[in-house]
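Survey of secondary and tertiary structure
Spelled out from the first residue to the last, the chains are:
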Amino acid sequence: MHIAVKIVAATLTAALVSVGGYATWHIRTKLPVREGSIQLKQLKAPVSVAYDERGVPHIRAENEMDLYRALGYVHAQDRLFQMEMVRRLARGDLAEILGPKLLETDKLFRTLGIRARADEVAATVNPANPSDMALLSYLDGINQYQNSHPSPLEFDILKIPKRPFTPQDTYAVAGYLAYSFAAGLRTDAPLTHIRDNLGPEYLRIFDLEWHPEGVLDQTASASMAKRPALALSTKDWQGLNQLATLSQNALEAAGVPAFEGSNAWAVSGKRTASGKPLLAGDPHIGYSTPSVWYEAHLSAPGFEIYGHHQSLIPVAMLGHNNRFGWSVTMFENDDMDLVAEKTNPANPNQVWFRDAWVDLKTRTETIKVKGAPDVQLRLRRSPHGPIITDVFKDSFGDTPIAMWWAFLETENPVLEAFYELNRADTREKARAASEKIHSPGLNVVWANAAGDIGWWAAAKLPIRPPGVNPTFILDGSNGEAEKSGFYSFNFNPQEENPARGYIVSANHQPQPASGVPVPGYYCLPDRVQRLDAAFRDPDRKWDIAASQNLQLDSGNGYGPRILKDLMPILKGVTTDPYEKAFLEPLELWDGDYSRDSMAALLFTQLMYELAHAAMADEMGEVQFKNLLKTFALDSALPILATDANSPWWDNINTKKVENRFEIIRIAWVKTLRHLESMYGKDLLKWRWGNAHTLLHPHPLGMQKPLDILFNVGPFNVAGGRETPNNLNINMGPGPWTVKSGPSTRRVIDFARPDKSVGINPVGQSGVLFDVHYDDQAALFSEGLYVQQHMSAADVKANTKSTLTLRP
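Basis of the calculations
Residues numbered from 1 in each chain as written. Predicted model: local features only at pLDDT ≥ 70, side-chain atom pairs only at ≥ 80, totals over all residues. Heavy atoms only, no water. Helix = DSSP H or I, 4+ residues; strand = E, 2+ residues; numbered from the N terminus. Rg over C-alpha atoms; globule rule 2.2 N^0.38 Å. Contact = heavy atoms within 4.5 Å. Areas by Shrake-Rupley, 256 points an atom, 1.4 Å probe, with all protein chains shown as cover. Buried < 20%, exposed > 50% of the residue type's maximum accessible area, 1.4 Å probe, protein only. Pairing = 2+ DSSP bridges. Expected span 1.5 Å × (residues − 1). Core = buried A, V, L, I, M, F, W, Y, C linked by side-chain atoms within 4.5 Å. Salt bridge = Lys/Arg side-chain N within 4 Å of Asp/Glu carboxyl O. Phe/Tyr/Trp six-rings, centres within 6.5 Å; stacked < 30°, edge-to-face > 60°. Lys NZ or Arg CZ within 6 Å of the ring centre and 35° of its normal. Axes fitted to C-alpha atoms, helices over the stretch in contact; angles between N-to-C directions. Parallel < 35°, antiparallel > 145°, perpendicular 65-115°, else oblique. Left-handed = near helix turned anticlockwise from the far one by under 90°. Nonpolar A, V, L, I, M, F, W, Y, C, P; charged D, E, K, R; others polar.

**Notes on the overall build of the protein**
Helix and strand content of the protein: 28 helices and 30 strands. For the protein, whose C-alpha radius of gyration is 26 Å, the value lies close to the compact-globule estimate of 28 Å for 807 residues. With the C-alpha coordinates aligned to their principal axes, the bounding extent of the protein is approximately 80 × 65 × 65 Å. Across the protein, contacts joining residues at least 24 apart in sequence account for 72% of those joining residues at least 6 apart. In the form shown here, the protein has an accessible surface area of approximately 28600 Å², with 54% of it arising from carbon and sulfur atoms.

**Here's the deal with the environment of Met619**
Locating Met619 in the fold gives a position in helix H21 (residues 598-619). We classify Met619 as buried; its relative accessible area is 6%. In this structure the C-alpha to C-alpha distance between Met619 and His193, which are 426 residues apart in sequence, comes to 8.2 Å. Dropping the residues within four chain positions of it, Met619 is found in contact with Pro190, His193, Ile194, Phe624, Leu627 and Trp648.

**A closer look at the pairing of strand S18 (residues 442-448)**
The element S18 is largely enclosed, with a buried count of seven among its seven residues. Going residue by residue along S18, you find Leu442, Val444, Trp446 and Asn448 tucked away on one face and Asn443, Val445 and Ala447 tucked away on the opposite face as well. Strand direction decides the pairing type here: strand S9 (residues 324-330) and S18, joined by seven bridges, are antiparallel. Following the sheet pairing, Phe324 is matched in S18 by Asn448. Bridging between S18 and strand S19 (residues 453-458) involves six bridges; their strand directions are antiparallel. Counted as the bridge partner of Leu442 is Ala458 from S19. Counted along the chain from S18 to the antiparallel partner S19, the turn is four residues long, and its residue Gly451 has a positive phi close to 115°.

**Focus: helix H18 (residues 558-573)**
Taking 1.5 Å per residue as the helical rise, H18 with its 16 residues ought to reach 22 Å, and the 23 Å between its terminal C-alpha atoms agrees with that figure. Residues of H18 that are buried: Tyr558, Gly559, Ile562, Leu563, Leu566, Met567, Ile569, Leu570 and Val573. Against helix H16 (525-535), helix H20 (583-588), H21, helix H23 (632-642) and helix H24 (660-679) lie the buried residues of H18.

**Things to note about the nonpolar core**
Judged by nonpolar contacts, the single largest core of 134 residues is most densely connected at Tyr68, Trp326, Trp405, Phe418 and Leu805. For this core, the element with the most residues is helix H3 (residues 64-91), which contributes 15 residues. The next biggest cluster of nonpolar side chains, apart from the first, holds 63 residues, and it includes Met607, Ala613, Ala667 and Trp668.

**Observations concerning the pattern of salt bridges**
As enumerated under the stated definition, the model contains 49 salt bridges in all. One salt bridge in this structure joins Asp169 and Arg87, with 2.8 Å as the shortest N-O distance. Here Arg87 lies in helix H3 and Asp169 lies in helix H9 (residues 167-181), a separation of 82 residues in the sequence. Like Asp169, the residue Arg87 is buried in the burial classification. One salt bridge connects Glu782 with Arg595, and the closest N-O pair in it is separated by 3.1 Å. Taken together, the residues span a long stretch of sequence, with Glu782 in the loop between helix H27 (777-781) and strand S29 (786-787) and Arg595 in the loop between H20 and H21 at a distance of 187 residues.

**Describing the packing of aromatic side chains**
Inspection of every chain in the model, using the stated rule, returns 21 aromatic pairs. Relative to Tyr593, the ring of Trp589 has its centre 5.2 Å away and its plane inclined at 75°; by these criteria the two rings are edge-to-face. Given the relative accessible area of 4%, Tyr593 is considered buried. The rings of Tyr558, Trp589, Tyr593, Phe603, Trp688 and Trp736 are connected pair by pair, giving a single aromatic cluster. In this structure, Arg423 packs its charged tip against the face of Tyr419, placed 3.7 Å from the ring centre. Over the aromatic face of Trp404 sits the side chain of Lys483, whose NZ or CZ is 4.5 Å from the ring centroid.

**Concerning the packing of H21 against H24**
Between H21 and H24, the least distance of the axes is 8 Å, while the angle of their chain directions is 130°. Here H21 is positioned oblique relative to H24, judged by the angle of their axes. Helix-helix and strand crossings are classified by hand; for H21 and H24 the assignment is right-handed. Contacts between H21 and H24 involve Leu601, Leu602, Gln605, Leu606, Glu609, Leu610, Ala613 and Ala614 from the first element and Ile663, Ile664, Ala667, Trp668, Lys670, Thr671, Leu672, His674, Leu675 and Tyr679 from the second.

**Considering the sheet that holds strand S16 (residues 385-386)**
Read from one edge of the open sheet, three strands run S14-S15-S16, paired in antiparallel fashion. Where the open sheet ends on each side, the last strands, each with one partner, are strand S14 (361-369) and S16. Judged from the eight bridges that link them, S14 and strand S15 (residues 372-382) form a sheet pairing that is antiparallel. Its bridge partner being in S15, Ile367 is matched across the sheet by Val375. Together, S14, S15 and S16 form the strand contacts of helix H5 (residues 103-112), whose direction differs from that of S14 by roughly 150°.

**Describing the sheet that holds S18**
Spatial ordering of the open sheet is given by S1-S30-S2-S3-S6-S7-S8-S9-S18-S19-S21, a layout of 11 strands whose pairing is mixed. The sheet terminates laterally at strand S1 (36-39) and strand S21 (494-496), the two strands that pair on one side only. Recorded for the sheet is a direction-independent mean angle of 20° between the axes of neighbouring strands. The pairing of S1 with strand S30 (residues 801-806) spans four bridges and is classified as parallel. Among the inter-strand pairings, Ser37 is bridged to a residue of S30, identified as Thr804. Seen against the sheet, helix H15 (residues 427-435) touches S18, S19 and S21 and runs at an angle of roughly 10° to S19.

**Remarks on unusual backbone geometry**
Each neighbour pair has its own omega, and for Thr289 with Pro290 the value is 0°, a cis peptide bond. Considering the arrangement of structural elements, one finds Pro290 in the loop between strand S5 (278-286) and strand S6 (294-300). Here the bond from Lys704 into Pro705 is cis, since omega is 5°, no more than 30 degrees from zero. By the secondary structure assignment, Pro705 is in the loop between strand S23 (692-696) and helix H26 (706-710). Located in the positive-phi region is Leu312, a residue other than glycine, with phi close to 70°. As for its placement among the helices and strands, Leu312 is situated in the loop between strand S7 (303-309) and strand S8 (318-320). Backbone geometry places Phe769, a non-glycine residue, at a positive phi of 75°. The residue Phe769 is located in the loop between strand S28 (757-758) and H27 in this model.

**Description of the packing of H3 against helix H7 (residues 130-148)**
Look at H3 against H7: their axes get within 7 Å of each other, and the N-to-C directions meet at 50°. Taken as axis vectors, H3 and H7 run oblique relative to one another. The element H3 and its partner H7 pack so that their crossing is right-handed. Where H3 abuts H7, its residues Met65, Tyr68, Arg69, Leu71, Gly72, Tyr73, His75, Ala76, Gln77, Leu80 and Met83 lie against Pro130, Met133, Ala134, Ser137, Tyr138, Asp140, Gly141, Ile142, Gln144, Tyr145 and Gln146. Partitioning the contact of H3 with H7 into residue classes produces 13 nonpolar, seven polar and two charged.

**Considerations on the environment of Leu694**
Position of Leu694 relative to the elements: it lies in strand S23. Residue class for Leu694 comes out buried when judged on its relative accessible area of 0%. Taking the C-alpha atoms as reference points, Leu694 and Thr170, 524 residues apart in sequence, are found 30 Å from one another. Ignoring sequence-local partners within four residues, the contact set of Leu694 consists of Tyr287, Gly713, Pro714, Phe715, Val717, Val738 and Phe780.

This is the structure we're talking about:
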């Protein structure tokens, strides 16, 4: 992508300078039109779109199909380039506009089977189905806008041809969402490498067992069942490393944000100041310009929702009205298994499956590449799923790796599910809608004004053979990869109106009442423990302000938990007075990642240096870098710190046998040297906020000087990895750019749901130079909120312009 942008960067900059007035006029033709009257085909009656001070459209229609057609139109004029990029990523069409640099990303997404599955589902679209009619109307609104207006500036720069948006695109985007939740491609290979090439003693620190007691009172388990190693060659492992790296980098290369975590809670009326339920949520997603959510207030006779929408998806994925509301968090269940197939020595296109050799299915797809010949891609599929190693067939050995993925193996009527959730004013309706979400796994946290609260872990959970841990690559020849079906939804973790009066969801391992284990890539328990501790006081009455404060909490117990074991060692191995002076901030640290914290800066760098000094020698730099981008190290480091006898402490590249004291000493010295290289010895600069910054990158902002035009930020911010204010970074050396975090912060008190508050991290519009391109970014970085107008009086009082769409 960098090559494609370099070609136009200087040209664009020079053009803007040299043609001044013409450039200004040209740019104005790209801006959204938010007032006046515009004709829209197939409307049955006029539609009013009132824009408030943040550019949020309040759409009033006389029927629901007009409503969705109008939503598509206004969504497109603010976000058409975002829609184009996300559909091209999901369908494997990026190289057509960005050139050979994105070919490997396209190969990956074609190999995943998202495109083929989307085409299958789109063929079943039924105009008699209300959710399908909503989709078709919404897409028609997008296409009408695209056909009647100049292309966005990004289209001009990249020479993107216009083409209609289709249901195939929408279902492919749903597949992209499911893929971005799935950690199997990024995590299974490194952990299997540790198990098979290093041994169970090395694996012990990763705490991969299911905790039947839950994690709110967690005691780490280290027992790992011994299983035979897979017969993978050195070349196979190299290919898996390459695949994991591509899986990590694919979303970043396309400038499309990944979904990574979330907080949500619902509090019953007996625990709130107003006496009515309260709902709060902040899904954690990668940052980008524009942001992932598009806010819209929709109303028609018998229907109203204030919603947060994804590109090309007509129904709100987060929403509320006067009667009910919901938020979602990532379930983090493992719905993707990697399976090593056994091939027939006499026929490489056959694999061993259920005591017989079976043929692989084959299809061919064509990838168009800008400035290069088309690429023919031969894709194979085993009974377990697509052969994902075909994307790098020259890099792998002789063992094909298949991918079993619930997204490809279930009916998954996710659009219908959210269409119904947009109308779910009772527990029964919300539960029934949640049951239709099969993949990706989502926690639906819901409340209504009648006094109910509920949580449903929504996913199709496969029935795996006893003792199988899908965290590792499975053997396709011995039955451990087989699924005997799916559990009934009532086996899923869920709660309705719990006696304690609140529900908290924070991507942690749940404790299902059914007792059925749910393997997954769950986040650290520290975040949910921090949230749960705030709710445990039964006499505390919750309101919007209290929930805002909790969403902005920048601390957790993770740092102090590790330092409890490390500080005695650090004191013992640190003799230099200068180095000793830095131990005091760590010893006094309460785990708060405030902007002025020196301890947060020291601790974050120390964790990277400790992990690198202990593990990079055994894993190799490529595997280690892949592991850094997962959450596996978060649970490993506390266990490693307590285990003086762990084999990780020895550096296998030296003749002597190192111990914990020596490795911690090395990590501490490297920590101080690295921070000195950043800030010198001016300790006033050694502050977390100087090193921890939030940038909202635009796909074209990856190349200078376009970054100045398109990117928003950076901002110095508080918060950190797995704090409630989860402004998350990849573990690595400082400075750190935030990779993901709250994609919005919403709080609704159902005593006055029309006075709910929220915030967009950047702005409503994705159109450069529009007033709403970045008008909320500074507010967001400071932890501020704005009102989400919903009552007729508030909408009228805050309307800045009105657009009328007429038949």
